[in-house]
There are 2 protein chains.
Amino acid sequence: MPRVTIQQVAKAAGVSPSTVSNLLNGRTSKMVPATRQRIDHAIAELGYRPNRAARQLRTGRTQTIGLIVPSVGNPFWGSFARELEVAALEIGCNVLLCNSERNAERERRYVEELWEDGVQGIVLCSSLPSLDHLADLIARGLRLVTFDRPAQAADPESVVSISINNHVGGFLATSHLTALGHEQVAFVSGSLGSLNRVGRFRGYCTALEEAGIDPAAMPTWAPMGDTPFGDFEAAQVGREAARELFSGNGEAPTGIVAVNDMTALGCCRGLRDLGLTVGKDVSVVGFDDIVLADLYDPPLTTVRQPIARMAALALAEAVESENNQEPGRSVLLRPELVVRASSAPPAGSVPEARRGDEALEGDSALR
Amino acid sequence: MPRVTIQQVAKAAGVSPSTVSNLLNGRTSKMVPATRQRIDHAIAELGYRPNRAARQLRTGRTQTIGLIVPSVGNPFWGSFARELEVAALEIGCNVLLCNSERNAERERRYVEELWEDGVQGIVLCSSLPSLDHLADLIARGLRLVTFDRPAQAADPESVVSISINNHVGGFLATSHLTALGHEQVAFVSGSLGSLNRVGRFRGYCTALEEAGIDPAAMPTWAPMGDTPFGDFEAAQVGREAARELFSGNGEAPTGIVAVNDMTALGCCRGLRDLGLTVGKDVSVVGFDDIVLADLYDPPLTTVRQPIARMAALALAEAVESENNQEPGRSVLLRPELVVRASSAPPAGSVPEARRGDEALEGDSALR
DNA sequence: GCTTGCCGGTGTAACGATGCACCAAACTAG
DNA sequence: CTAGTTTGGTGCATCGTTACACCGGCAAGC
């Protein structure tokens, strides 16, 4: 219970606290081996562990960064959190995890708390259109890295953004379907209240237009509620969307582009509820390439985000170091289409013997 | 950059730091409203946020607990982490997240770091047979809650354990299959190096024996490597297992009990690779009831862990409070079988019109 | 023998917040 | 009018570490 302090170690080793501190901090150049051993021994004997709070108070430094995700319950964010944590471990950093549920208030609260904790920087996985709710903290010197939210013109200059090009992603997903011959392609998403979703939606529109299809004529499912669903309920959204799209009176789509994999899997489940077969009756394309996309039956065609690389980039920007004191440039990576069995030419078209199933796999998020 | 301190606030408000501190800590009983307002105003004006490190150093208290999971990349742990974090938020607690990859060394390292951080307690999701590698820290007063690891006789007295009864779980899963008429039931798992897995395996054996089947005669897939797979690779294990079990020369099973849902889904995928249909040719039962179990095609029969309740219990024990100073009793909850479409009577038996599909759903991990 | 230089450490003042002990001023009671 | 009490706040030591300035002693140099 009573923690061992540096003084006790010093006494036990017969030296001054300063000397112990010197050893602890690698200032061993002028230290005779015998002294060093006595101290090491005392530390081991007493089970001494330096008090972080005291150290931080004195030095002003922390070895912690904050991570705010919509929800680690969503496998995509879970994987991202893991990648970031693994990368952080390698540089001796801890990660404080928070789930914002895509809620601006919670975001604000968490950012404040992390700031109080003295974190080096914060990786904010949020895609709210504006950062106004954090403007004052940013102005005060908060080191903020936004993930999955492309940089906006109005953003404070110091904010770094790491994201894929969602527009390209949405385009890849959609043009894949139009190229297969689909002419009725729906877009399914939770509320379009976040920039990444809007980007994907725009890419979808662009692809349709390029294929000579009017996006406005397409069925789209994206609730406009003020309180967007958290990420965790994404599957539910997909499931409901499938029910609505196919039980309605309008023309049913032959292809669905989902805003992310969980929503896509929800769609698949919804389609199955209706007795439809994914990859035959209806094609579904997801987004993210979570591990489960490949495990699903049928394996899900999706747009892959290079999650490990993005985590490494985000970490590098969130951490204070000598070589990134300059403004830090935002990064927009290119996503990649992974074709699997959930997409095929529309039913009724000339059958083809294609199964891109195993085209790409394995490196998504492994060590 | 230069953080605002309590002194600056005090000066701005024309009071002493003590008074500001008093306000901050709710000692406002004897404080005239005008003073109070001046301070509030100064705080807002300067954007003052108390320095946690200083506060912690002084008071010895933290509002942080540590959470060590095998990997948040695994949806089960992701969901658990989220539940815990949500619960913690409600009592004003932060969660420090670590991924141990089921590695004793990393566990040790993380526990040490969290200890240095001064966390109130640690929720350790690990199921290593012994806690010896943490014995000294526990002896020093570390507040440890193990999750998904039943209490062992040799455990230090102060360690609290929150877990389901894995034996019962394994039994439920397996007897479900034997009751359906399966006589060749395989057990698929990563290395049996953890207590929860062993417990599930034992339950599996018990159920078989009860059905008059010799467990030793059953095909089992559980690599015995010294370096157990991290949780993230669980699906891979299942996939390989399916390939091996069915491409081998021995008698192929008609039913599979997987040690967790990710492994089960991997099995399903592997079976599909082989052209087999889950829920018809082969029955698969998982464990955990992650969100994806219900989304999968076919929806997965599985053993549900009451994750939200367990998270709440774990939090309560990890946190220091007046009402849990006593030893803290370990908890062993009863899991629940959720029957869905991945299990059915073995092919060739009398067909039945059963589809327990939607029997249970919805409350697994939602708010 | 006295200075110089180096070796191997030590003394000490912070870092920012806290909270107990204390105090000056204003009242109140007798 | 004075002792006592309440009101509204302040002074200061302290938490455990750090790092810069400093110091005693010994050997070498002249």
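Residues numbered from 1 in each chain as written. Chains lettered and ligands numbered in written order. Predicted model: local features only at pLDDT ≥ 70, side-chain atom pairs only at ≥ 80, totals over all residues. Heavy atoms only, no water.

Let's hear about the sheet that holds strand 3 (residues 122-125) of chain A: which residues, and what values?
Here twelve strands make up an open sheet; going across it, the order is 11(A)-5(A)-4(A)-3(A)-1(A)-2(A)-2(B)-1(B)-3(B)-4(B)-5(B)-11(B) and the pairing mixed. Every interior strand has two partners, whereas the edge strands, strand 11 (331-333) of chain A together with strand 11 (331-333) of chain B, have only one. Between one strand axis and the next, the sheet turns through 20 degrees on average, direction left out of account. Of the strand pairs in this sheet, strand 4 (residues 144-147) of chain B and strand 5 (residues 160-164) of chain B are connected by three bridges, and their pairing is parallel. The residue bridging T146(B) from the neighbouring strand is S161(B), located in strand 5 of chain B. (Pairing = 2+ DSSP bridges. Helix = DSSP H or I, 4+ residues; strand = E, 2+ residues; numbered from the N terminus. Axes fitted to C-alpha atoms, helices over the stretch in contact; angles between N-to-C directions.)

Before we move on, can you summarise the interface of chain B and chain A with the specific residues and values?
When the parts of a complex come together, some accessible area is lost, and that lost area is often taken as the interface size. If you look at the interface, chain B gives 66 residues, while chain A gives 67 residues. When chain B packs against chain A, close to 6200 Å² is buried across both sides, 50% of that on carbon and sulfur atoms. Summed over the shared surface of chain B and chain A, the result is 17 salt bridges. Across the pair E101(A) and R82(B) runs a salt bridge whose closest N-O atoms are separated by 3.0 Å. Summed over the shared surface of chain B and chain A, the result is 34 residue pairs in polar contact (both at pLDDT 80 or more). (Contact = heavy atoms within 4.5 Å. Buried area = accessible area lost by both parts, 1.4 Å probe. Salt bridge = Lys/Arg side-chain N within 4 Å of Asp/Glu carboxyl O. Polar contact = N/O pair within 3.5 Å; in protein donor to acceptor, adjacent residues only side chain to side chain.)

Go over the sheet that holds strand 9 (residues 283-285) of chain A, please, and point to the residues and values.
All names here are of chain A. Here we have four strands laid out as an open sheet, ordered 7-6-8-9, and parallel in their pairing. Two strands lie at the open edges of the sheet, namely strand 7 (220-221) and strand 9, each paired on one side alone. Direction of pairing for strand 8 (residues 255-258) relative to strand 9: parallel, over a ladder of three bridges. Paired with V257 across the strands is V285, a residue of strand 9. Sitting on the sheet, helix 9 (residues 195-210) is in contact with strand 6 (185-188), strand 7 and strand 8, with an inclination near 175 degrees to strand 6.

Kindly report on the environment of T146(A), identifying the contributing residues and their values.
All names here are of chain A. Within the secondary structure layout, T146 lies in strand 4 (residues 144-147). Setting aside residues up to four positions removed in sequence, T146 forms contacts with L124, L131, V159, V160, S161 and I162. Reaching out from T146, the side chain makes a polar contact with the backbone oxygen of R149 at a distance of 3.4 Å.

Now, about the side chain of S343(B): what can you tell me, with residues and values included?
Residue and element names in this part refer to chain B. As for its placement among the helices and strands, S343 is situated in the segment after strand 12 (336-338). By relative accessible area, S343 is classed as buried at 0%. Here H176 takes part through its side chain, which lies 2.7 Å from a polar atom of the side chain of S343. For S343, the side chain forms a polar contact with the side chain of T301, separated by 2.7 Å. (Buried < 20%, exposed > 50% of the residue type's maximum accessible area, 1.4 Å probe, protein only.)

Any details on the protein's contact with DNA strand C? Residues and values, ideally.
Around DNA strand C lies a shell of 25 residues, among which T19(A), T35(A), I6(B), R55(B) and R58(B) are the nearest. Take the atoms of DNA strand C that sit within 4 Å of the protein: sugar and phosphate atoms are 63% of them. Within the contact set of DNA strand C, a phosphate oxygen lies 2.4 Å away from a side-chain nitrogen or oxygen of T35(A). Note that a phosphate oxygen of DNA strand C is positioned 2.6 Å from one of the side-chain N or O atoms of Y48(B). If you list the elements that add at least two residues to the surface near DNA strand C, you get helix 2 (17-24) and helix 4 (52-59) of chain A together with helix 2 (17-24) and helix 4 (52-59) of chain B. (Near = heavy atom within 4 Å.)

Break down the nonpolar core for me, citing the residues and quoting the values.
Nonpolar side chains tend toward joint burial in soluble globular proteins. Formed by 143 residues in total, the largest nonpolar core has its most connected members in L67(A), F80(A), V123(A), I256(A), L67(B), F80(B) and V123(B). A total of seven residues in this core trace back to one element, the largest contributor, which is helix 5 (residues 75-90) of chain A. Beyond its immediate sequence surroundings of up to four residues, L67(A) is in contact with F80(A), A81(A), L84(A), V95(A), L96(A), L97(A), C98(A), L114(A), V123(A) and C125(A). Formed by 36 residues, the second largest nonpolar core is a distinct cluster that contains V119(A), L142(A), C98(B) and L142(B). (Core = buried A, V, L, I, M, F, W, Y, C linked by side-chain atoms within 4.5 Å.)

I'd like to hear about the protein's contact with DNA strand D, residue by residue, with values.
In the vicinity of DNA strand D, 27 residues are found, and the nearest of them are I6(A), R55(A), R58(A), T19(B) and T35(B). In DNA strand D, atoms within 4 Å of the protein come 62% from sugar and phosphate. For DNA strand D, a phosphate oxygen lies 2.7 Å from a polar atom in the side chain of Y48(A). R55(A) places a side-chain nitrogen or oxygen 2.4 Å from a phosphate oxygen of DNA strand D.

Could you give an account of the UniProt feature "domain: HTH lacI-type" (unreviewed entry) in chain A, with specific residues and numbers?
The feature "domain: HTH lacI-type" (unreviewed entry), as given by UniProt, occupies residues 4-59 of chain A in the numbering adopted here. Summarising residues 4-59 of chain A: 68% helix, 0% strand, and an end-to-end C-alpha distance of 20 Å. (UniProt positions renumbered as here; feature names shortened; annotations may be inferred.)

Got a sec to walk through the UniProt feature "domain: HTH cro/C1-type" (unreviewed entry) in chain A? Specific residues and values, please.
Annotation from UniProt places "domain: HTH cro/C1-type" (unreviewed entry) at residues 5-29 of chain A. Taken end to end, residues 5-29 of chain A is 64% helix and 0% strand, and its two terminal C-alpha atoms sit 24 Å from one another.

I'd like a rundown of the relation of the copies chain B and chain A, residues and numbers included.
Structural alignment of chain B on chain A gives an RMSD of 0.1 Å, achieved by rotating through 180 degrees and translating 0.0 Å along the axis. Viewed as a symmetry operation, the transformation between the two copies matches a two-fold axis. Of the interface residues in chain B, 100% have counterparts in chain A that sit at the interface too, so the contact is made through matching surfaces. (Least-squares fit on C-alpha atoms with pLDDT ≥ 70 in both.)

Describe the packing of aromatic side chains, listing the residues and the values that go with them.
Overall, the coordinates contain 15 aromatic pairs over all chains when judged by the stated rule. Aromatic pair W77(A) and F147(A): ring centres 5.9 Å apart, planes at 80 degrees, arrangement edge-to-face. In this pair, W77(A) sits in helix 5 while F147(A) sits in strand 4, placing the two residues 70 residues apart along the sequence. The residues W77(A) and F147(A) share a single accessibility class, namely buried. Taken together, the aromatic side chains of F76(A), W77(A), F80(A) and F147(A) make up a single cluster linked through ring pairs. For the cation-ring pair, R200(A) lies above F287(A), with the distance from its terminal atom to the ring centre recorded as 3.8 Å. Residue placement shows R3(B) over the ring face of W115(A); its charged tip is 4.7 Å from the ring centre. (Phe/Tyr/Trp six-rings, centres within 6.5 Å; stacked < 30°, edge-to-face > 60°. Lys NZ or Arg CZ within 6 Å of the ring centre and 35° of its normal.)

How would you summarise helix 2 of chain B if you had to cite specific residues and measurements?
All names here are of chain B. Looking only at helix 2, the buried set comprises T19, V20 and L23. End-on view of helix 2: buried residues confined to an arc of 100 degrees, all on one side of the axis. Residues of helix 2 that are buried sit in contact with helix 1 (6-13) and helix 3 (33-46). Positioned one or two residues after helix 2, G26 has a phi angle of 75 degrees, which is positive. (Arc of directions from axis to C-beta.)

Account for unusual backbone geometry, with residues named and values stated.
D297(A) connects to P298(A) through a cis peptide bond whose omega is 0 degrees. Along the chain, the position of P298(A) falls in the loop between helix 12 (291-295) and strand 10 (302-304). For D148(A), which is not glycine, the phi dihedral falls at a positive 65 degrees. Here D148(A) lies in the loop between strand 4 and strand 5 (160-164). Residue classification places D148(A) among the buried positions, given a relative accessible area of 3%. The residue R102(B) is not glycine, and still its phi comes out positive at about 55 degrees.

Which residues make up the pairing of strand 1 (residues 64-69) of chain A, and what values go with them?
Residues and elements named next belong to chain A. Most of strand 1 is tucked away: six of the six residues are buried. Judged by which residues are buried, strand 1 turns out to be covered on both faces: T64, G66 and I68 on one side and I65, L67 and V69 on the other are all buried. Of the pairings in the sheet, the one linking strand 1 to strand 2 (residues 94-99) comprises six bridges and is parallel in character. Following the sheet pairing, L67 is matched in strand 2 by L97.

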